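One-letter residues, chain by chain:
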Amino acid sequence: DPNAEPIKIAMLDMNLQRHRMAMGVQVIVKDPAEIENIKKREMDITKERIRKILDAGAKVVLTTKGVDDLCLKYFVEAGVICARRCNKDDLKRLAKATGGKLVVTMADMDGNESFDAECLGTCSAVKEERIGDGEMLHVFGCQGGGASTIVLRGANEYMLDEMDRALHDSLCVVKRMLESNTLVTGGGAVEAALSVYLEEFATTLDTREQLAIQEYADALLVIPKTLAVNAAKDSSELVAKLRSCHAKSQSTAATEDDLLLKNTGLDLVKGEIRDNLTAGVVEPAISKIKSLRFATEAAITILRIDDRITLNPDQQR
């Protein structure tokens, strides 16, 4: 209901059980009647804490520690949802999402106990729903920002693990994209274009460096070839068409139509080439640059090895 009052959530990292004396504390009682007063005061301390939380306006109370039945009764009477043994990391994320704070202690600077209403998070609705074999507390319409939850459901744990990995990869791609704010065409387009450019550049050199650049250009074609093979397509034919398109786009005599071929990549569903930028197949530029840089550094490190010691079979035994 858009006209309903917002719901306040209290997130606690403290016990809401009957107050007990700390370890090592001794209380000597001469009058047995005082024992009952001590027990009553122990219950009243927690009751006062709960009352301060409720007076702050909390309608939902979540804590990482325990809540005993006696204290739970006060929440039930006030019509407040209370959940105990919550995961601390989950509460931190919920505090970020609702604009609240995780309260560790109620002690203030004056040595008294109080609960600041500014620590409460705000949302529009809280509902408990059964998902699979367990029950989950859903928080809707969070007023804060920066945290969300995606619930994955699958037939078994293996399928869920695979879904989790795929979702994680997708979110990382979006994260990289937002960080770099630059993208390149995917589907082997970058590797094919770079391979064609380096082959052309290699012919301008008249030293042995020409061989290294040509080999680097050939190595780049491993990516589109592997993509085609994994999709059970004819890699030789597809890579030949891909290189032909990029060669036309980089030609000095290229027309306007030829220049548009620079975004040509592989369509692994139909087994053909297409404009992957128009099709929406893109990658973060920073990921592509890093992969090329790391691969180059790895190759250089291996090439620096100029000596190898091999043991004879007899010595290996």
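Read on for an overview of the structure. (Residues numbered from 1 in each chain as written. Predicted model: local features only at pLDDT ≥ 70, side-chain atom pairs only at ≥ 80, totals over all residues. Heavy atoms only, no water.)

### Here we look at helix α6 (residues 209–220)
Then, in step 1: Its 12 residues give α6 an end-to-end C-alpha distance of 17 Å, which sits within 8% of 16 Å, the value for a rise of 1.5 Å per residue.
Then, in step 2: Every buried residue belonging to α6 is among Ile213, Ala217 and Leu220, and all of these are buried. Buried positions in α6, seen along its axis, are confined to an arc of 60 degrees and lie on one side of it. Facing away from the buried side of α6 by over 90 degrees, the exposed positions are Leu211 and Glu215.
Then, in step 3: If you follow the buried residues of α6, they end up packed against α5 (189–202), α7 (222–230) and α11 (285–303). (Helix = DSSP H or I, 4+ residues; strand = E, 2+ residues; numbered from the N terminus. Expected span 1.5 Å × (residues − 1). Buried < 20%, exposed > 50% of the residue type's maximum accessible area, 1.4 Å probe, protein only. Arc of directions from axis to C-beta. Contact = heavy atoms within 4.5 Å.)

### Description of the environment of Thr255
Then, in step 1: By the secondary structure assignment, Thr255 is in the loop between α8 (235–249) and α9 (256–259).
Then, in step 2: Thr255 sits in the partly exposed class, given a relative accessible area of 42%.
Then, in step 3: With 224 residues separating them in the primary sequence, Thr255 and Asp31 have C-alpha atoms 104 Å apart.

### Quick word on the pattern of salt bridges
Then, in step 1: If you walk through the whole model with that rule in mind, you get 12 salt bridges.
Then, in step 2: For Lys175, the salt bridge is made with Glu179, and the minimal N-O distance between the two is 3.2 Å. Here Lys175 and its partner Glu179 are both found in helix α4 (residues 157–180), 4 residues apart, which amounts to about one turn of the helix.
Then, in step 3: By relative accessible area, Glu179 is classed as partly exposed at 46%. (Salt bridge = Lys/Arg side-chain N within 4 Å of Asp/Glu carboxyl O.)

### Considering the packing of helix α1 (residues 33–55) against helix α2 (residues 69–78)
Then, in step 1: The N-to-C vectors of α1 and α2 enclose an angle of 30 degrees; their axes lie 10 Å apart at closest approach. Considering the angle they form, α1 stands roughly parallel to α2. For α1 against α2, the interelement crossing comes out right-handed. Residue-level inspection shows Met43, Thr46, Lys47, Ile50 and Leu54 of α1 in contact with α2, the latter providing Leu70, Cys71, Tyr74, Phe75 and Ala78.
Then, in step 2: Considered class by class, the residues forming the contact of α1 with α2 number 8 nonpolar, 1 polar and 1 charged. (Axes fitted to C-alpha atoms, helices over the stretch in contact; angles between N-to-C directions. Parallel < 35°, antiparallel > 145°, perpendicular 65-115°, else oblique. Left-handed = near helix turned anticlockwise from the far one by under 90°. Nonpolar A, V, L, I, M, F, W, Y, C, P; charged D, E, K, R; others polar.)

### So, the side chain of Ser235
Then, in step 1: Following the sequence through the fold, Ser235 ends up in helix α8.
Then, in step 2: Apart from the residues lying within four places of it in its own chain, the contact partners of Ser235 are Lys225, Ala228 and Val229.

### Notes on a nonpolar patch on the surface
Then, in step 1: Where nonpolar side chains cluster on the molecular surface, the patch consists of Val25, Val27, Val29 and Ile35 and spans about 290 Å² of accessible area.
Then, in step 2: Within the element layout of this structure, Val29 appears in the loop between β1 (7–12) and α1. (Patch = residues over 30% accessible without salt bridge, like charges linked within 9 Å, V, L, I, M, F, W, Y side chains within 5 Å. Areas by Shrake-Rupley, 256 points an atom, 1.4 Å probe, with all protein chains shown as cover.)

### Comments concerning α1
Then, in step 1: Over its 23 residues, α1 runs 32 Å from end to end, which matches the ideal 33 Å to within 8%, given 1.5 Å per residue.
Then, in step 2: For α1, the set of buried residues is Glu42, Ile45, Thr46, Arg49, Ile50, Ile53 and Leu54.
Then, in step 3: Among the structural elements, β1, β2 (60–63) and α2 are those in contact with the buried residues of α1.
Then, in step 4: Looking at the residues trailing α1, positive phi occurs at Gly57, about 110 degrees.

### Quick word on the pairing of β2
When a strand is regular, its side chains alternate between the sheet's two faces.
Then, in step 1: The side-chain alternation of β2 yields two buried faces, one formed by Val60 and Leu62 and the other by Val61 and Thr63.
Then, in step 2: Pairing between β1 and β2: 4 bridges, direction parallel. Note on β2: the bridge partner recorded for Leu12 is Thr63. (Pairing = 2+ DSSP bridges.)

### Digging into the packing of α5 against α6
Then, in step 1: Packing of α5 against α6 leaves a shortest axis separation of 8 Å and a crossing angle of 165 degrees. In this view, α5 runs roughly antiparallel relative to α6, as classed from their interaxial angle. Helix-helix and strand crossings are classified by hand; for α5 and α6 the assignment is left-handed. Of the residues in α6, those in contact with Glu191, Leu194, Ser195, Leu198, Glu199, Phe201 and Ala202 of α5 are Gln210, Ile213, Gln214, Tyr216, Ala217, Asp218 and Leu220.

### Overview of the layout of surface pockets
Then, in step 1: Approximately 770 Å³ is the volume found for the largest pocket.
Then, in step 2: Looking at the lining of the largest pocket, the elements that each hand over two or more residues are β3 (81–83), α3 (88–98) and β7 (134–140).
Then, in step 3: Per-element accounting of the lining of the largest pocket gives the leading share, 6 residues, to β7.
Then, in step 4: Looking at the lining of the largest pocket, its residues break down into 15 nonpolar, 4 polar and 4 charged.
Then, in step 5: Reported here for the second largest pocket is a volume of approximately 420 Å³.
Then, in step 6: In terms of lining residues, the second largest pocket is bounded by 16 residues, among which Tyr216, Ala219, Leu220, Ala295 and Thr296 are the most central.
Then, in step 7: Put simply, the parts of the chain that give the lining of the second largest pocket at least two residues each are α6 and α11.
Then, in step 8: In terms of residue count, the dominant contributor to the lining of the second largest pocket is α11 (9 residues). (1 Å grid on protein atoms, 1.4 Å probe; cavity = no way out; pocket = protein on both sides within 12 Å on 5 of 7 lines; lining within 4 Å. Points joined across faces, edges and corners; volume = space filled by probe spheres on them.)

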